[in-house]
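What the coordinates show
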Amino acid sequence: MTNTELLNRADVLRHGRTPFVLATVVHVERPTSARPGDSALVLPDGTVEGFVGGTCAETTVQLQGLRVLETGESLLLRITPAADTGGEGARDPVEGLVTVANPCLSGGTLDIFLEANLPPALAYVYGHAPIARALLDVGRVLGLDARPASPGEPLPPDLDVVVVATHGRDEEKVLIEAARSGVPYIGLVASPKRGAAVLAGLDVSEERRARIHTPAGLDIGARTPAEIALSVYAEIIALRPQVARAARPAAGSAAPQAVAENVDPVCGMTVAITPATLSLDLAAGRVYFCGPGCQHAFADDPSRYAHA
């Protein structure tokens, strides 16, 4: 895969709201098979597309890339055969640098920048009046993926925000569907009196009803549509920690999941457990390997690695 093909693939993933990590080799100390500028993509299912070195280097990039997808924080990864790195995946005193001892390397060192590419928060705005238009404009300025929506439109599984500003039209149906779907933030633009009346008439549990914010937004004395939109996003930002904890996973492989890990009994490397990870089934359980070399060595003499 050429760099152009890789970048085109990255664009497809962004448009599809699929999170990924772009891994780029920025420095090498030979002997290594990778060169500065080599790059690869790490997908949520552990797939690595591109080239950043041999099997062992790729295995380390895969594991660290999946961890980056969990945290959303980019980092500089140093893969080195040195044994005095302070442990697997140890964070250096230099902020943002992680050093991993890789005994499989041929003797060189790789510095690889892992850049997190996570889709922006997805917001559905209902309504066509000035406040709804302002919610779309302000949301996009803030970096959200703010989209106009219509009642009856299916809610995507990675939807973060629903704001209803329809001024009394089709509110109940949208609010009920959003509440039952577990959308992290649901706001209804209405006066306190009308908002309370709408909530009281919703066919949802008290717990779900309590998660609908109305009047949507913080009380900042907003008057104009833009100011009202600003107050709504101010509330979303203020509730961001709770919203993040309540966020639902996206459908299929697009959702970053907790990284399952195991230790290769032959070389001692920590590897991510994915559908493609090499393994062998034993009576005591399944054993995972960083590459075919370790798998073959274990299969030839399992008793040699029984202590591991």
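Parameters and conventions
Per chain, residue numbering runs from 1 following the sequence as it is written. The predicted origin of the model limits local features to residues at a pLDDT of at least 70 and limits the giving and counting of side-chain atom pairs to 80 or more, whereas totals for whole chains, interfaces and linings rest on all residues. Only hydrogens and water are set aside when side-chain values are computed; all heavy atoms of the structure are taken into account. Between rings of Phe, Tyr and Trp, where Trp is taken as its six-membered ring, a pair exists when centres lie within 6.5 Å; planes separated by under 30 degrees are stacked, by over 60 edge-to-face, and by other angles tilted. The classification of residues rests on relative accessible area computed with a 1.4 Å probe and restricted to protein chains. Under 20% of the type maximum is buried, over 50% is exposed, and intermediate values are partly exposed. What makes two strands pair is DSSP finding at least two bridges between them. Secondary structure follows DSSP: runs of H or I at least 4 residues long count as helices, runs of E at least 2 residues long count as strands, and numbering of each begins at the N terminus. Residue contacts follow a heavy-atom distance rule, with two residues in contact if any of their heavy atoms lie within 4.5 Å. Angles shown run from 0 to 180 degrees and are taken between the N-to-C directions of axes, each axis being a line fitted to C-alpha atoms and, for helices, limited to the stretch in contact. Roughly parallel here means an angle under 35 degrees, roughly antiparallel means over 145, roughly perpendicular means 65 to 115, and every remaining angle is called oblique. Left-handed is the label given to a crossing in which the near helix is rotated counterclockwise from the far helix by less than a right angle, and right-handed is the label when the rotation is clockwise. When residues are grouped by polarity, Ala, Val, Leu, Ile, Met, Phe, Trp, Tyr, Cys and Pro land in nonpolar, Asp, Glu, Lys and Arg in charged, and all others, Gly among them, in polar. A helix is expected to span 1.5 Å multiplied by its residue count minus one. This arc is taken over the directions from the axis of the helix to the C-beta atoms.

Moving on to the packing of aromatic side chains. Going through the model one piece at a time under the given rule, you end up with two aromatic pairs. Taking 5.4 Å as the distance between ring centres and 55 degrees as the angle between the ring planes, the aromatic pair formed by Phe289 and Phe298 counts as tilted. Accessibility assignment for this pair places Phe289 and Phe298 in one class, buried. Geometrically, the ring pair formed by Phe298 and Tyr305 is stacked, given 6.0 Å between the ring centres and 20 degrees between the ring planes.

Let us now look at the sheet that holds strand β11 (residues 185-188). Reading across from one edge, β9-β8-β10-β11-β12 is the order of the five strands in this open sheet, with parallel pairing throughout. Each edge of the open sheet carries a strand with a single partner, namely β9 (145-149) and β12 (212-213). Here strand β8 (residues 122-126) pairs with β9 via five bridges, running parallel. When the bridges of β9 are listed, Tyr124 appears paired with Arg147. Packed on one face of the sheet, helix α3 (residues 130-141) meets β8, β9 and β10 (161-164) and runs near 160 degrees to β9. Packing of helix α7 (residues 225-238) onto the sheet brings it into contact with β8, β9, β10, β11 and β12, and relative to β11 it is tilted by some 155 degrees.

Moving on, we come to the packing of α3 against α7. A packed helix pair is summarised by two numbers, namely the angle formed by the two axes and the spacing between the axes. The interhelical angle for the contact between α3 and α7, taken along N-to-C directions, is 55 degrees, at an axis separation of 8 Å. One element, α3, and the other, α7, form an angle in the oblique class. Classified by chirality, the crossing of α7 by α3 is right-handed. The segment α3 lies against α7, with Pro130, Ile131, Ala134, Leu135, Val138 and Gly139 engaging Pro225, Ala226, Ile228, Ala229, Val232 and Tyr233. Classifying every residue of the contact of α3 with α7 by side-chain character gives 11 nonpolar, one polar and no charged.

Compared with an ideal rise of 1.5 Å per residue, which puts 13 residues at 18 Å, helix α1 (residues 3-15) spans 18 Å between its outermost C-alpha atoms and is within 8% of the ideal. Turning to α1, its buried residues are Leu6, Ala10 and Leu13. Burial along α1 is one-sided: seen end-on, the buried residues are contained in an arc of 60 degrees. Seen from the open side of α1, the exposed residues pointing more than 90 degrees away from its buried face are Thr4, Val12 and His15. At the exit of α1 stands Arg17, carrying a positive phi of roughly 60 degrees.

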